[in-house]
Amino acid sequence: MVLDDWKRLYSNTKTNFREVAIKGFWDMYDPEGYSLWFCDYKYNDENTVSFVTLNKVTGFLQRMDLARKYAFGKMLIVGSEAPFKVKGLWLFRGQEIPQFVIDECYDMELYEWKKVDLSDEAQKERVNQMIEDQEPFEGEALLDAKCFK
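Analysis parameters
- Residues numbered from 1 in each chain as written.
- Predicted model: local features only at pLDDT ≥ 70, side-chain atom pairs only at ≥ 80, totals over all residues.
- Heavy atoms only, no water.
- Phe/Tyr/Trp six-rings, centres within 6.5 Å; stacked < 30°, edge-to-face > 60°.
- Helix = DSSP H or I, 4+ residues; strand = E, 2+ residues; numbered from the N terminus.
- Buried < 20%, exposed > 50% of the residue type's maximum accessible area, 1.4 Å probe, protein only.
- UniProt positions renumbered as here; feature names shortened; annotations may be inferred.

**Digging into the packing of aromatic side chains**
Now for step 1: Overall, the coordinates contain 17 aromatic pairs when judged by the stated rule.
Now for step 2: Judged by centre distance (6.3 Å) and plane angle (55°), the rings of Phe92 and Trp113 are tilted. Of this pair, Phe92 sits in strand β3 (residues 85-93) while Trp113 sits in strand β4 (residues 111-115), and the two are 21 residues apart along the sequence.
Now for step 3: Exposure remark for Trp113: the relative accessible area of 17% places this residue in the buried category.

So this is what it looks like as structure tokens:
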């Protein structure tokens, strides 16, 4: 998998996103060289003000900059009213989250991380929905979606 090719396809697909970008992702995806991870913010009950929640996510993405060559991420802020839920999907090079990311980005410990089980079709569909910012997501409106590429 050439990560920059995926990022380019993601950025340049404007129509038929599921048919072009999502299909392209799975065609490119190398499960031996990369891993997919879901993350859920551990303290969603604190997300009572929308702009503060958005700032938390933006700050996290800025601090993840050190992983830009090794990762792609989607962060969804879910809910039409407080408390807002923060959920993410991350693609990392390798089978584990790189140790340097864990060591250098203190926000990592604020999230519960779970490796995606690609044999589970429901988890695979959740990956698709997160990549394409599907709304509603898990029955709720999206306040915002941010991409790390």
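After that view of the structure, there is still more to cover.
**Quick look at the UniProt feature "domain: EF-1-gamma C-terminal" (unreviewed entry) in the protein chain**
Now for step 1: Under the UniProt annotation, the feature "domain: EF-1-gamma C-terminal" (unreviewed entry) is placed at residues 1-149.
Now for step 2: Secondary structure within residues 1-149 divides into 36% helix and 25% strand; the distance between the first and last C-alpha atoms comes to 15 Å.

**Comments concerning unusual backbone geometry**
Now for step 1: A cis amide bond, omega -5°, links Ala82 with the succeeding residue Pro83.
Now for step 2: Across the junction of Glu135 and Pro136, the peptide omega takes the value 0°, indicating a cis bond.
Now for step 3: Secondary-structure assignment places Pro136 in the loop between α5 (121-131) and β5 (142-148).
Now for step 4: Its identity is not glycine, yet Asn16 carries a phi of approximately 50°, on the positive side.
Now for step 5: Mapped onto the fold, Asn16 is located in the loop between α1 (3-12) and α2 (17-28).
Now for step 6: Of note in this structure, Glu138 is not a glycine but carries a positive phi near 50°.
Now for step 7: On the secondary structure map, Glu138 appears in the loop between α5 and β5.
Now for step 8: Exposure remark for Glu138: the relative accessible area of 43% places this residue in the partly exposed category.

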